[in-house]
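A look at the structure
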Amino acid sequence: MLETTIAAIGPLDEPAMAAARDLQARLTKPAGSLGALEELSVRLAGLAGACPPPLPEPAAVAIFAGDHGVHAQGVTPWPQEVTAQMIANFLAGGAVVNAFARQAGASVTVVDVGVATPLPIDPDATDDPAVGPRLVAANVRRGTRDMTVTAALTRDEARAALEIGIRIAGDLVDAGAGILLTGDMGIGNTTPSAALVAALTGTDPAEATGRGTGVNDETYRRKVGVVRTALDRHRPDPADPLGVLAAVGGLEHAALAGLILGAAARRVPVLLDGVIAASAALVAAALAPDAVGAMVAGHRSTEPGATVALRHLGLDPLIDLGLRLGEGTGALLALPVVTGAVRVLHEVATFDSAGVSEK
């Protein structure tokens, strides 16, 4: 599945992009007056191979959840059980992501790809999107191994999680989704995110590592040291992205990378959330460089690794509100911006059709 998905990912369609630029120039507004939205609309036309591109709706958020063996190194004060507890909160509709998803009219799918604590939830009872968020049980293993001691995952486990993400992307698109949004949950997951960013961009761990849930100075210094120790132990090769993912990544990172690849293969945009998604996007781009064409950076997380990753990918975030929650919240807030960029091409009159004089 992974190889066929990668093979299906192609470059943006240049004729469609040229048509979108031409249309933007003829709309009843000064040229360039919509700033970054104009180029976003052009990219989305290139992704769809049509001008105007389809409206990016309905929206579907996929929250991938997993736990991390590196939690044992004291990189966060939060207990690991919170991952499973937050999944229950997602399914009950009580998290921030749920509030924002209701506001945006987006569906929420929660995927257990690597949660350590068995979930006291019946997936069948939450499998109707019309009722509320649904749970997909796809646990590859009960959390990763401690990356400071051994590889976090085997290559087969990393591949399995990637392919779960690809499958979820296909299921959501087949169900009618016009845009996919990344979400995540996993106590301690900013630590493997920092390791992935450092490994795939060549950035020093101190520059790629942030404070996550807001750790104190002592814990932050420990966290940087943990990332450095893991990278020194494994020496991951950025030319082998699956190997990097297996060495220092998480199961939710792998599944998110798969979601991005799956969206790109189906020519559907994927709106990235914070640092977890950005580090996964680096993996996806290393596996299939043209996948970047499907990526839209929703916001700039306060986690420094997110800025490093987005810069490496050549993506500019749409909003910057000082967010660091994760879950998909920043992507959901950016969703109306993406929709607006496309709606302009559908609904704004041209100078000729409106009878408006040009300069």
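Here, the structure is the one placed above.
To start, this report covers the structure provided alongside it.

Conventions used here
Residues numbered from 1 in each chain as written. Predicted model: local features only at pLDDT ≥ 70, side-chain atom pairs only at ≥ 80, totals over all residues. Heavy atoms only, no water. Helix = DSSP H or I, 4+ residues; strand = E, 2+ residues; numbered from the N terminus. Rg over C-alpha atoms; globule rule 2.2 N^0.38 Å. Buried < 20%, exposed > 50% of the residue type's maximum accessible area, 1.4 Å probe, protein only. Contact = heavy atoms within 4.5 Å. Areas by Shrake-Rupley, 256 points an atom, 1.4 Å probe, with all protein chains shown as cover. Pairing = 2+ DSSP bridges. Axes fitted to C-alpha atoms, helices over the stretch in contact; angles between N-to-C directions. Expected span 1.5 Å × (residues − 1). Salt bridge = Lys/Arg side-chain N within 4 Å of Asp/Glu carboxyl O. 1 Å grid on protein atoms, 1.4 Å probe; cavity = no way out; pocket = protein on both sides within 12 Å on 5 of 7 lines; lining within 4 Å. Points joined across faces, edges and corners; volume = space filled by probe spheres on them. Nonpolar A, V, L, I, M, F, W, Y, C, P; charged D, E, K, R; others polar. Left-handed = near helix turned anticlockwise from the far one by under 90°. Arc of directions from axis to C-beta.

1. With respect to the overall build of the protein
The number of helices and strands found in the protein is 15 helices and six strands. Here the C-alpha atoms of the protein give a radius of gyration of 20 Å, agreeing with the 21 Å that 2.2 N^0.38 yields for 359 residues. Projected onto its principal axes, the C-alpha coordinates of the protein cover approximately 70 × 45 × 40 Å. The proportion of buried residues among the 359 residues of the protein is 57%. Counted over contacts in the protein with a minimum sequence separation of 6, partners at least 24 positions apart contribute 79%. A total of about 13700 Å² of accessible surface is found on the protein, and carbon and sulfur atoms cover 53% of it.

2. Focus: the sheet that holds strand E2 (residues 107-114)
With respect to topology, six strands assemble into an open sheet ordered E3-E2-E1-E4-E5-E6, the strand pairing being parallel. Unpaired on one side and paired on the other, strand E3 (134-137) and strand E6 (295-297) mark the two borders of the sheet. Along the sheet, successive strands turn relative to each other by an average axial angle of 30°, direction set aside. Here strand E5 (residues 270-272) pairs with E6 via three bridges, running parallel. Within the sheet, the bridge partner assigned to leucine 271 lies in E6 and is valine 296.

3. Considering the pairing of strand E1 (residues 59-66)
The element E1 is extensively covered by neighbouring structure, given that eight of its eight residues are classed as buried. Side chains Ala59, Val61, Ile63 and Ala65 project from E1 onto one buried face, and the interleaved Ala60, Ala62, Phe64 and Gly66 project onto a second face that is buried too. For E1 and strand E4 (residues 179-185), the ladder comprises seven bridges, and the chain directions are parallel. Within the sheet, the bridge partner assigned to alanine 60 lies in E4 and is leucine 180.

4. Thoughts on unusual backbone geometry
Residues cysteine 51 and proline 52 are joined by a peptide bond in cis, for which omega reads -5°. Take proline 52: it is sitting in the loop between helix H3 (36-48) and E1. Residue proline 58 follows glutamate 57 across a cis peptide bond; omega there is -5°. Looking at the element boundaries, proline 58 is found in the loop between H3 and E1. The backbone of arginine 235 sits at a positive phi, close to 45°, despite the residue not being glycine. Mapped onto the fold, arginine 235 is located in the loop between helix H9 (217-234) and helix H10 (241-248). Exposure remark for arginine 235: the relative accessible area of 62% places this residue in the exposed category.

5. Let's talk about H3
Given a rise of 1.5 Å per residue, 13 residues ought to cover 18 Å, and the 19 Å separating the end C-alpha atoms of H3 matches this to within 8%. Turning to H3, its buried residues are Glu38, Leu40, Ser41, Val42, Arg43, Leu44, Ala45, Gly46 and Leu47. Elements that come into contact with the buried residues of H3 comprise helix H2 (14-26), E6 and helix H14 (329-347). Downstream of H3 by one or two residues, glycine 49 has phi in the positive range, about 70°.

6. Remarks on the pattern of salt bridges
For the coordinates displayed, the defined rule picks out 17 salt bridges. Of the charged contacts in the structure, one is a salt bridge between arginine 159 and glutamate 163, with a shortest N-O distance of 3.7 Å. One end of the pair, arginine 159, and the other, glutamate 163, are both in helix H6 (residues 155-174), four residues apart, so they sit about a helical turn from each other. With relative accessibility at 25%, the residue arginine 159 sits in the partly exposed group.

7. Points about the layout of surface pockets
Taken as a whole, the largest pocket spans an internal volume of roughly 530 Å³. Of all the elements in the fold, those that place two or more residues in the lining of the largest pocket are helix H4 (82-92), E4, helix H7 (190-201) and helix H12 (275-287). Quantified by volume, the second largest pocket comes out at close to 210 Å³. Along the walls of the second largest pocket sit Ala36, Glu39, Leu40, Arg43, Val296, Ala297, Gly314, Leu315, Asp316, Pro317 and Leu318, which together make up its complete lining. No other element matches the four residues that H3 contributes to the lining of the second largest pocket.

8. Observations regarding empty space enclosed by the protein
Counted by the stated rule, this structure contains one cavity of 30 Å³ or more. Taken as a whole, the largest cavity encloses approximately 30 Å³ of empty space. As for the largest cavity, its lining consists of His68, Val70, Thr144, Arg145, Met147, Ala152, Pro192, Val248 and Gly249. Of the residues that constitute the lining of the largest cavity, the class distribution is five nonpolar, three polar and one charged.

9. Thoughts on the packing of H2 against H3
Running from N to C, H2 and H3 point in directions that differ by 145°, and their axes come no closer than 7 Å. As for the relative orientation of H2 and H3, their crossing is right-handed in sense. Only Glu38, Glu39, Ser41, Val42, Ala45 and Gly46 of H3 make contact with H2, whose side of the interface consists of Ala16, Met17, Ala20, Arg21 and Gln24. Class assignment of the residues belonging to the contact of H2 with H3 gives a composition of five nonpolar, three polar and three charged.

10. Some points on H9
Counted at 1.5 Å a residue, the expected span for H9 with its 18 residues is 26 Å, and the 26 Å between its end C-alpha atoms agrees. Every buried residue of H9 is accounted for by Thr219, Tyr220, Lys223, Val224, Val226, Val227, Ala230 and Leu231. The buried residues of H9 all sit within an arc of 155° when viewed along its axis, so they share a single face. For H9, exposure combined with an orientation more than 90 degrees from the buried face picks out Glu218, Arg221 and Arg233. Along its buried surface, H9 packs onto H7, helix H8 (205-208) and H10.

That's the geometry; what it means functionally is another story.
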